[in-house]
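An overview of the molecular structure
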Amino acid sequence: MSAELRSILIGTAGLSACGLIALLLTLARATPSAKSNEAWWVKRIAAASILLHSLHFIEEWQTGFHMRFPMLLGLAPWTSAFFVSFNLFFIAIWTLSLAVLRSQTHMALFPLWFLAIAATANGIAHPLFSAVAADYFPGLLTSPLVGICGVMLMRALFVFTRPEGEVATPRDSVAGV
């Protein structure tokens, strides 16, 4: 296996774990039906998450995340082409998922669950990377906002995908997200 491929596979393993959790939640949670208020909130929070992730990606790109993160793990730096393509691919998928959210299929929710989980992980990971590096680490400035939006999106998705017969409590209110 080439050093570049090894770096990509190991360096993105955390995101692969986020993807697996997102798939399990997608399959385990109820398919939303006519929950227009919840859909409205999910769309708004997801749109804000995508926007913040885009800003986060720009910060990472400008400060060399694609070189520093793999090196932190003892791996070869990622190419610019891989890093940019990888991020733009996910931004496009997340944006497309907003357009098909009302399709009421489980798989329309998978990218949003992934966004919520990965954003939450980002909010935790970047401060830890900075602590390990004992210095600023690329992505640190925008990661707390990305993480907060991830938690808000996850909560909204849990409310949006609760079973029809399940009684909502005031704590479940999406408006309170």
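Anyway, here's the lowdown on the structure attached to this text. (Residues numbered from 1 in each chain as written. Predicted model: local features only at pLDDT ≥ 70, side-chain atom pairs only at ≥ 80, totals over all residues. Heavy atoms only, no water.)

A few words on unusual backbone geometry. Most peptide bonds take the trans form, and the phi angle of most residues other than glycine is negative. Even without glycine at this site, Ala134 takes up a positive phi of about 55 degrees. With respect to the helices, strands and loops of the structure, Ala134 is situated in the loop between helix 6 (106–133) and helix 7 (143–160). On the basis of relative accessibility, which here comes to 69%, the residue Ala134 falls in the exposed class. (Helix = DSSP H or I, 4+ residues; strand = E, 2+ residues; numbered from the N terminus. Buried < 20%, exposed > 50% of the residue type's maximum accessible area, 1.4 Å probe, protein only.)

Remark: helix 5 (residues 80–99) packs on helix 6, axes separated minimally by 8 Å, with the N-to-C direction vectors making an angle of 125 degrees. With respect to helix 6, the axis of helix 5 lies oblique. The handedness of the crossing between helix 5 and helix 6 is left-handed. Here Phe90, Ile93, Trp94, Ser97 and Leu98 of helix 5 come into contact with helix 6, specifically with Ala108, Pro111, Leu112, Phe114 and Leu115. Class assignment of the residues belonging to the contact of helix 5 with helix 6 gives a composition of 9 nonpolar, 1 polar and no charged. (Axes fitted to C-alpha atoms, helices over the stretch in contact; angles between N-to-C directions. Parallel < 35°, antiparallel > 145°, perpendicular 65-115°, else oblique. Left-handed = near helix turned anticlockwise from the far one by under 90°. Contact = heavy atoms within 4.5 Å. Nonpolar A, V, L, I, M, F, W, Y, C, P; charged D, E, K, R; others polar.)

Attention shifts here to the packing of helix 4 (residues 65–72) against helix 6. It is the contact of helix 4 with helix 6, at a shortest axis distance of 12 Å, that shows an interaxial angle of 65 degrees. Taken together, the axes of helix 4 and helix 6 are roughly perpendicular relative to one another. With respect to the hand of their crossing, helix 4 and helix 6 are arranged in left-handed fashion. Of the residues in helix 6, those in contact with Phe65, Arg68, Phe69 and Leu72 of helix 4 are His126, Phe129, Val132 and Ala133. Looking at side-chain class alone, the contact of helix 4 with helix 6 contains 6 nonpolar, 1 polar and 1 charged residues.

Remember that the coordinates give geometry; whether it matters functionally is a separate question.
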